[in-house]
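Each chain is listed here by its residues.
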Amino acid sequence: MEIIHSIEKLQQILNRNERGNRTVGLVPTMGFLHEGHLALAEQAKEQNDTVVMSIFVNPAQFGPGEDFESYPRDTERDAKLAESAGVDYLFIPSVEEMYPTDGGIRILPGPQATALCGASRPGHFDGVLKVVLKLFNIVDPDRSYFGMKDAQQLAIIETFVRDFNLRTTIVRVPTVREEDGLAKSSRNVNLSEMERNEAPAIRQALELGAKLFAEGISAKEIETRVAAYITENSSGTIDYVSMLTYPELTKYEPSSKEAILACAVKFEKTRLIDNIIL
Ligand code: PAF
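To start, this report covers the structure provided alongside it. (Residues numbered from 1 in each chain as written. Predicted model: local features only at pLDDT ≥ 70, side-chain atom pairs only at ≥ 80, totals over all residues. Heavy atoms only, no water.)

Across the sheet, which stays open at both edges, the 3 strands sit in the order E7-E8-E9 with antiparallel pairing between neighbours. Two strands bound the open sheet, and with one partner strand each, they are strand E7 (237–245) and strand E9 (271–277). Going from strand to strand, the sheet's axes swing by 10° on average, the running direction of each strand aside. The pairing of E7 with strand E8 (residues 259–266) spans 8 bridges and is antiparallel. Bridge assignment links Ile-238 to a residue of E8, and that residue is Val-265. (Pairing = 2+ DSSP bridges. Helix = DSSP H or I, 4+ residues; strand = E, 2+ residues; numbered from the N terminus. Axes fitted to C-alpha atoms, helices over the stretch in contact; angles between N-to-C directions.)

Here we take up the site of the ligand. All residues adjacent to the ligand are Pro-28, Thr-29, Met-30, Asn-58, Gln-61, Val-131, Phe-146, Asp-150 and Gln-153. Measuring from an oxygen atom of the ligand, one finds a side-chain N or O atom of Gln-61 at 2.6 Å. Within the side chain of Gln-153, one N or O atom sits 2.6 Å away from an oxygen atom of the ligand. Burial of the ligand by the surrounding chains reaches 89%, relative to a free accessible area of 290 Å². Split into classes, the residues belonging to the shell around the ligand amount to 4 nonpolar, 4 polar and 1 charged. (Near = heavy atom within 4 Å. Polar contact = N/O pair within 3.5 Å; in protein donor to acceptor, adjacent residues only side chain to side chain. Areas by Shrake-Rupley, 256 points an atom, 1.4 Å probe, with all protein chains shown as cover. Nonpolar A, V, L, I, M, F, W, Y, C, P; charged D, E, K, R; others polar.)

Inspection of every chain in the model, using the stated rule, returns 5 aromatic pairs. Seen from their ring centres, Phe-213 and Tyr-252 are 6.0 Å apart, and the 70° between their planes marks the pair as edge-to-face. Of this pair, Phe-213 sits in helix H10 (residues 200–214) while Tyr-252 sits in the loop between E7 and E8; the two residues are 39 residues apart in sequence, bridging distant segments of the chain. Ring pairs connect the aromatic residues Phe-62, Phe-68 and Tyr-71, which therefore count as one cluster. Between the NZ or CZ atom of Arg-77 and the centre of the ring of Phe-32, over which it lies, the distance is 4.9 Å. Note that Arg-121 overlies the ring of Phe-62, its terminal NZ or CZ placed 6.0 Å from the centroid. (Phe/Tyr/Trp six-rings, centres within 6.5 Å; stacked < 30°, edge-to-face > 60°. Lys NZ or Arg CZ within 6 Å of the ring centre and 35° of its normal.)

See below:
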């Protein structure tokens with residue numbers, strides 16, 4: 001595995017004219033890798049000749065007062081894990097390398113970004129699309145891998161790729177969980193011991209929601225009971241519990257085809273998200 005910090009060097013290596021028929025898979029991350037990221041890399045390895053993983057804690061997607069500074073970072077450990085998962089090129093640009101200039105152009109996602117995390121993190125998905133577009137232009141990947149834990153992000157990126165004819169194919173990868181059901185997340189290390197013990201309540205609550213859904217309970221009642229379960233079984237504060245259509249992220253109606261039940265819960269130093277597709 002080669003570690004690359006320069007955009008120009010990576011673009012030279014991956015130049016499509018010299019690639020021939022070799023396919024490239026991209027795994028964009030913000031580092032502090034866990035099994036969820038490694039599952040993305042392993043799937044990319046199975047489906048492509050070359051795997052590129054990026055590690056970049058993207059300031060453009062953090063709002064004022066959010067956890068950009070305290071976001072966990074450990075590049076040395078990440079490099080070992082990435083190599084073990086079969087990554088060929090680990091791209092770790094600096095902020096100056098990625099954002100040397102700012103001409104003020106913004107990418108504004110559509111209504112999918114007004115629900116769920118978009119409502120409580122204004123501008124977050126603008127920043128995600130900005131860095132994702134840059135990564136797509138730098139790597140020019142045949143396939144790009146995103147986890148279902150960030151289901152809203154995935155849905156918005158799929159729309160972006162479709163509507164703007166971007167050349168990559170988005171691959172959805174299922175959420176990887178701890179044994180007790182907590183979704184793997186780099187942010188889990190910022191939970192206190194007590195919060196870590198309570199956090200599986202999020203998954204249990206979503207499973208309760210899925211059971212209620214199967215029993216024909218209304219979306220509103222499901223949201224109420226899922227939020228109550230989390231509040232009763234953890235010290236976390238509910239940011240949202242919401243049932244919407246997926247991937248459109250519009251109001252759920254009984255005639256809707258596929259739904260998502262998603263939640264965000266704030267603990268003292270971190271905010272966790274999870275979801276279940278119904
Ligand atoms: O999901 C993430 O880790 C980030 O939002 C992404 C896609 C790497 C963009 O910074």
